[in-house]
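# Results of the structural survey
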Amino acid sequence: LSLHDALPISSGLSSNGRSELWAIALASFSHHVWLGIGTGGGATLVPGLLYPHNLFLEVSTELGLVGLAALICVLGGFIHALASCWRMTEGRDRLVTALFIAMFLTALVNAQFSDPIQSNGSLWLWGGLAVGMAGRLASRRSPRRAVTAR
């Protein structure tokens, strides 16, 4: 049983050929599990197509489990920052936090079907803004005490 037989491969309108790209990326990942095939290596898999149109597959194919673990850590940090913002806010600030969460999740879902990692700027933007917002909110809650020189 091959990977091609195990996955529902379709090049029809429903998947726009993405399921075939995903199967090719998974097959490549299965041969280069730890370190992948190298950044930009996805372009060598299918002539004319540079990436598999899925953030997790792109990273795992090109950077292996090491890169996938790093991506999960970064995304986990963004999610942790958003959760911290949610816990530290109320009222109108909670509404802004809800907007940040919605924009981040929209960008994350979009990254599973669209551009390569470097073109998913909205994902990195909203994640970075969440980290900044969490830091700002945390500094408001526990102001640093001035250190006096002796």
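To start, this report covers the structure provided alongside it. (Residues numbered from 1 in each chain as written. Predicted model: local features only at pLDDT ≥ 70, side-chain atom pairs only at ≥ 80, totals over all residues. Heavy atoms only, no water.)

What follows is about unusual backbone geometry. With the exception of glycine, most residues fall at negative phi, and the peptide bonds are largely trans. At H53, a residue that is not glycine, the phi angle is positive and equals roughly 60 degrees. Mapping H53 onto the fold places it in the loop between α2 (18–31) and α3 (55–88). (Helix = DSSP H or I, 4+ residues; strand = E, 2+ residues; numbered from the N terminus.)

Glancing now at helix α4 (residues 92–110). Helix length check: α4, at 19 residues, gives a terminal C-alpha distance of 27 Å against a target of 27 Å (1.5 Å per residue), a fit within 8%. The complete set of buried residues in α4 reads T97, F100, F104, A107 and L108. Here the buried residues of α4 occupy an arc of 100 degrees about the axis, which is enough to place them on one side. The exposed residues of α4 that point more than 90 degrees off its buried face are R92 and L95. (Expected span 1.5 Å × (residues − 1). Buried < 20%, exposed > 50% of the residue type's maximum accessible area, 1.4 Å probe, protein only. Arc of directions from axis to C-beta.)

Take the environment of T44 next. Among the structural elements, T44 can be located in the loop between α2 and α3. When its relative accessible area of 65% is taken as the criterion, T44 is described as exposed. Within polar-contact distance, the side chain of T44 engages the backbone oxygen of G41 at 2.6 Å. (Polar contact = N/O pair within 3.5 Å; in protein donor to acceptor, adjacent residues only side chain to side chain.)

The next point concerns the nonpolar core. In terms of nonpolar packing, the biggest core is built from 19 residues, with L55, L75, F104 and L123 touching the most fellow members. Elements represented by at least two residues in this core include exactly α3, α4 and α5 (121–141). For this core, the element with the most residues is α3, which contributes eight residues. Apart from the residues lying within four places of it in its own chain, the contact partners of L75 are F56, F104, L108, L123 and W124. (Core = buried A, V, L, I, M, F, W, Y, C linked by side-chain atoms within 4.5 Å. Contact = heavy atoms within 4.5 Å.)

In this section: the packing of aromatic side chains. What the rule picks out here adds up to four aromatic pairs. A centroid spacing of 5.9 Å and a plane angle of 55 degrees characterise the contact between W22 and F113, whose relative ring orientation is tilted. Placement of the pair is W22 in helix α2 and F113 in the loop between α4 and α5, with a sequence separation of 91 residues. Seen in terms of ring centroids, F100 and W126 are 5.3 Å apart; in terms of plane orientation they differ by 80 degrees. Their pairing is edge-to-face. Of this pair, F100 sits in helix α4 while W126 sits in helix α5, placing them 26 residues apart in sequence. By relative accessible area, which is 16% here, W126 ends up buried. Taken together, the aromatic side chains of F78, F104 and W124 make up a single cluster linked through ring pairs. R94 extends its terminal NZ or CZ atom over the ring of W86, reaching a point 4.1 Å from the ring centre. (Phe/Tyr/Trp six-rings, centres within 6.5 Å; stacked < 30°, edge-to-face > 60°. Lys NZ or Arg CZ within 6 Å of the ring centre and 35° of its normal.)

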